[in-house]
Structures are given as structure tokens and as C-alpha cells.
Amino acid sequence: MRKWSISPKDVLDKDEKISPLRENYVDQLLRVKLNCEAVDEEANTVFHKMPAVTLPQLPHGYQWVHHNDEHSIVRDRKSDKHSLKLILYGPNKADQINFLFQVDEVTIYSFAHTKRGKAPERKYPMNDYDYRVPDFDYSNSKYSRHVMGHLIDHQDTLQLGPKDTWSTYDKRNYIPEPPEYEWGLGIRNQKVRKVRGLKIDTAYAQYTHYPRKPQKTSNGTPVPEAVYFTSFEVDGDDFKPMDLLDPEWTEDLKRPAGSKILEHASENFTSDVNSSPVVKFYSPVNSDRTLRKDSRDQKKHADNITAGKIKSRHPDRAAFFPRTDSADKEFEHA
């Protein structure tokens, strides 16, 4: 895998006509190094064309920047310091990439295009024991370990470059899922299969949410507490979110006898797609007025989630993302 970093110097440049308040705001920001990996560095070119709706949420105080046709990251100088890594797979002949995103070496996000055709040989990069959580009570669970859950699905592996660099053989492409059939082997598996079977180009993303002090498996992999799984209709460079599943690991995801898996999930574990975490770019060339509007829009979006105008099964957590983004972009009262 080739390795490089993204941290353009000009993202914090100041225009000659910059206002004193905006100048103070920019002075509080620091450039962040985004470490990247890929077999083919051309994947980097494709990544910078990906729209904001396909990018992951960042730690609080961090912002995605889009400037000079390039994605990069800045943070407030008072925010906690984190290491960030982007793992890119592809591109294929259609100029499509799949990718993972890590914060402090923990995978929090995945994005993948669906792909038909022959899948690679199935071989997990860990064994059953690796995903067993010490002291976890498995006595009432279907399995005696957590499920080894693909993020980029096995079928959607981009089979480019050496096999040992493919996503399906990369342990970073897995998270511990509940030790039951219902989510990873049931709902998610059938959902991805349904999205892949549509007569349009499709993709999906998963934002993985962790508690402050997560449990860890035998091989040290943190266990999430919830996920946001979004499917997309793809039309060239346009990615339109279609729906959102947002289960928590502690929920009973079992369907009643006689009901269908996806119908039950749609009725019980689905929120308005507009409640999913969505990135809003910061741009150094945007006017103060634009930055004010971005901040107000994000606050209004959070208020609409809290008020129930945008339906979410977890309104407090869903509203937290746009509310913190609104605060990150607020500069007049800093």
C-alpha cells in the first residue's frame, strides 16, 4: 500500500479584506494531517471528487474543508488531538472507490459502491476467538462470540492490486456486531443485497458510533454501541440518500414469527434519512455571510430533529451532530 498525507498549507490563508472577527476565527484553527493509504494513488483523485454527503463525521472541533478541488481537515486549536487515517480501495474502470476512515486507529466509517459479478474467495482476517469479548455473557445469545461484521461487503470488494490489500482481507474492514443473527447476518445482509439488486447504480455507507469506554474483543477491537446505515442512489457524481437504518446493539432486533426481516426493520429500526449525520464543508473562500448561514442552518436542522419535525429514533444523538457543526462554524461570538 502506498502512503501519503493531506494537509494543504493554503486552507487557512486570509484574504486581504477579511473581517477582524473572521481573522480571529481562522487564527483558532489548525491544519490536521490526514494520513492516506491506497494501492493506486489515483484513488486520491477520485476521493477529492466525492460529495460531502459521502464523507464521515469527524471528532468534535474538527471540520472537513473543500478548497482548490481538494478535501482536507482543520480543527479548533482547543480540541483534542486525534490521528486520522483514510484507507482507499480502487479505483475501478468506472472511476469508483470504496474507503474506510479511522480515528485513533478505530474504524468509524465505511463507504462502498455495490458490485455485481463474482466475489473473491471468502477468508476472514481473524478467527472466531478474536471476536469474543471477555466477561461478556453469551449464555442467552445465538453465538458464543460477536459476529465478524463486514463494513465494505464481501461481494463489493474491489479486486484490484495484490490480494492481501483487498478490503475483504483487511481486518480494519470489520467491526464486532451483536452475537445474534438479526443485524449483521439478517437485516444488514439482506438490505445490502436488496440495494445491490436495484436496476440503478447504488452505494451504501455506515457510520459506527462507539461509547466513551467501549468493551473490547480478545484481539483488542472496540465494540460499537450503534450504527447509522445509509443507502444511496448513484447518478454520476450525484449521491442521493434513500433510507436510514439506525439500530443500537442493545436493542432486541428479532422479528416476530411470520414477519419478514426487512419489513420488520423498516417499521421498527428506520429513521428519516435527513436525521443521519451529514458533513457540511468549511471553505476559506466563503463569505462571512455564508458561514453565518451554514451555522444557522445546522442549528435549525438540529432543532427540527429535537422537535420531531425530522423523525429520528434517537433524537438527542441525531441532533448532536448538526449542533456541534453549527458551533464549529460560529465565529461572531467566539
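Look a little higher up for the structure.
My aim in this report is to walk through the structure given alongside it, one point at a time. In this text, all values refer to a predicted model and were calculated from it rather than measured experimentally.

Structural notes on the environment of His-60
Moving on, step 1. Structurally, His-60 can be placed in the loop between helix H2 (42–47) and strand E4 (62–67).
Moving on, step 2. Taking the C-alpha atoms as reference points, His-60 and Ser-295, separated by 235 residues in sequence, lie 15 Å from one another.
Moving on, step 3. Once residues within four sequence positions are removed from consideration, His-60 is found in contact with Ser-79, Phe-320 and Thr-324.

Observations concerning the sheet that holds strand E2 (residues 29–32)
Moving on, step 1. Spatially, the three strands line up as an open sheet ordered E2-E5-E4, and their pairing is antiparallel. One side of each edge strand has no neighbouring strand; the edge strands of this open sheet are E2 and E4. Between one strand axis and the next, the sheet turns through 40° on average, direction left out of account.
Moving on, step 2. Judged from the four bridges that link them, E2 and strand E5 (residues 70–76) form a sheet pairing that is antiparallel. Counterpart to Arg-31 in the pairing with E5 is Val-74.

Looking at the nonpolar core
Moving on, step 1. Ranked by size, the top nonpolar core spans 65 residues in total, and within it Leu-34, Trp-64, Ile-73, Leu-88, Phe-99, Phe-101 and Phe-111 carry the most contacts.
Moving on, step 2. Setting aside anything within four residues of it in sequence, one finds Leu-88 in contact with Met-1, Trp-4, Glu-37, Ala-38, Ala-43, Asn-44, Phe-47, Ile-97, Asn-98 and Phe-99.
Moving on, step 3. Tyr-25, Val-65, Tyr-282 and Phe-331 belong to the second largest nonpolar core, which has ten residues in total.

Calculation rules
Residues numbered from 1 in each chain as written. Predicted model: local features only at pLDDT ≥ 70, side-chain atom pairs only at ≥ 80, totals over all residues. Heavy atoms only, no water. Helix = DSSP H or I, 4+ residues; strand = E, 2+ residues; numbered from the N terminus. Contact = heavy atoms within 4.5 Å. Pairing = 2+ DSSP bridges. Axes fitted to C-alpha atoms, helices over the stretch in contact; angles between N-to-C directions. Core = buried A, V, L, I, M, F, W, Y, C linked by side-chain atoms within 4.5 Å. Buried < 20%, exposed > 50% of the residue type's maximum accessible area, 1.4 Å probe, protein only.

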